[in-house]
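Chain by chain, the residues run as shown.
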Amino acid sequence: MMRKARGSLFIVSAPSGAGKTTLCQQLTSFLPDIRQSVSFTTRPPRRGEVNDKDYTFIGEEEFRKLIADGEFLEWAKVHGNLYGTSRSRLEKLREEGNDAILDIDIQGARQVRAADGHGVSIFILPPSLSVLRARLASRMSNSPEEIELRMNRAKEEIMEYKNYDYVIVNKVFGEALERLKAVVIAERSRADRVDPEWMRNIMQ
Ligand code: 5GP
């Protein structure tokens, strides 16, 4: 394979309701060798969520123990619950040659950027705040208070866009997905991703 055995790291953040989760899911089903790292959270599972697939759902005590054990590359409190990226799971994914995507909030992204200078970060924007509000309202599980909370948070989060490498506006889903794929494909073509062993072979 042309690429080095160890995969790249992609960090994807967005305000709640921008469509990040679906974009990341579609990305991993359309492109080979790219996986999402399963995070740990203290949030209770939503209907249809599967343990160890969507998240690993644990209690706060267990979460605090994992922090103390140094298991998290980053962790943060988001909407009142704790979320963390497992260092060992992420390492395993990348060692197996997969690129890894972290779907994490802006606080987590800051920590990963500081810890892993090689990560590529992508910020997903909604086309406007009114579209974001409409999307949040159409999610049956969101109460009016929760929508206000998420809208206020979104306004603060959006200002973080400048700290990311790429910005993608999710207006037309298919187009946003194409852009996301383009970022990953471009990253895979970087000269420093070329496996020197592969290079030696083609030079013979
Ligand atoms: P949800 O509970 O809706 O699945 O996710 C809420 C927020 O937590 C999203 O912005 C998501 O990106 C973020 N999140 C999910 N996993 C992690 C994680 O491991 N670390 C951090 N910092 N944020 C996470």
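A brief report on the enclosed structure follows.

### Digging into a nonpolar patch on the surface
Okay, step 1: A cluster of nonpolar side chains, Met 159, Tyr 161, Val 167 and Val 169, forms an exposed patch at the surface whose accessible area comes to about 340 Å².
Okay, step 2: With respect to the secondary-structure elements, Met 159 resides in the loop between α6 (144-158) and β9 (166-169).

### So, the layout of surface pockets
Okay, step 1: Looking at the largest pocket, its volume works out to about 1400 Å³.
Okay, step 2: Taken together, 41 residues line the largest pocket, and the ones lying closest to its centre are Thr 21, Arg 43, Arg 46, Tyr 55 and Asp 103.
Okay, step 3: Of all the secondary structure elements, the ones that give two or more residues to the lining of the largest pocket are α1 (20-30), β2 (34-36), β5 (72-78), β6 (81-86), β7 (99-103) and α6.
Okay, step 4: Here the lining of the largest pocket is built from residues that sort into 11 nonpolar, 14 polar and 16 charged.
Okay, step 5: Here the second largest pocket defines a volume of roughly 280 Å³.
Okay, step 6: Classifying every residue of the lining of the second largest pocket gives 2 nonpolar, 4 polar and 7 charged.

### Things to note about the site of the ligand
Okay, step 1: Taken together, 15 residues are adjacent to the ligand, and Lys 20, Arg 43, Tyr 55, Tyr 83 and Asp 103 come closest.
Okay, step 2: A distance of 2.6 Å separates an oxygen atom of the ligand from a polar side-chain atom of Ser 39.
Okay, step 3: In this structure, an oxygen atom belonging to the ligand sits 2.4 Å away from a side-chain N or O atom of Tyr 83.
Okay, step 4: For the ligand, whose unbound accessible area comes to 510 Å², protein coverage reaches 90%.
Okay, step 5: Mapped by element, the contributors of at least two residues to the shell around the ligand are β5 and β6.
Okay, step 6: Partitioning the shell around the ligand into residue classes produces 5 nonpolar, 4 polar and 6 charged.

Definitions and limits used
Along each chain, residue indices are assigned from 1 in the same order as the chain's sequence is written. Where totals are concerned, whole chains, interfaces and linings use all residues; where local detail is concerned, this predicted model gives features only for residues with pLDDT of at least 70, and gives and counts side-chain atom pairs only at 80 or more. The side-chain numbers reported here are obtained from all heavy atoms of the structure, hydrogens and water having been left aside. In this analysis, a patch consists of residues with relative accessible area above 30% that form no salt bridge, clustered at 9 Å for like charges and at 5 Å for the nonpolar side chains Val, Leu, Ile, Met, Phe, Trp and Tyr. Under the convention used here, a 1.4 Å probe and the Shrake-Rupley method define accessible areas, while residue burial counts only the protein chains that appear. We define a salt bridge as a contact between a side-chain nitrogen of Lys or Arg and a carboxyl oxygen of Asp or Glu at a distance within 4 Å. Strands here mean DSSP runs of E at least two residues long; helices mean DSSP runs of H or I at least four residues long; both are numbered from the N terminus. With a 1 Å grid laid over protein atoms only, a set of points is called a cavity when a 1.4 Å probe fits there but cannot get out and a pocket when it is open yet has protein on both sides within 12 Å along at least five of seven lines; lining residues have an atom within 4 Å of a point. Grid points are joined across faces, edges and corners, and a volume is the space filled by probe spheres set on the points. Here the nonpolar group is Ala, Val, Leu, Ile, Met, Phe, Trp, Tyr, Cys and Pro; Asp, Glu, Lys and Arg are the charged ones; every other residue, Gly included, is treated as polar. Whether a residue is near a molecule or strand depends on its heavy atoms: it is near if one of them lies within 4 Å of it. Two N or O atoms count as a polar contact when they lie within 3.5 Å, although within protein this holds only if one can serve as hydrogen donor and the other as acceptor, and sequence-adjacent residues are included solely when both atoms are side-chain atoms.

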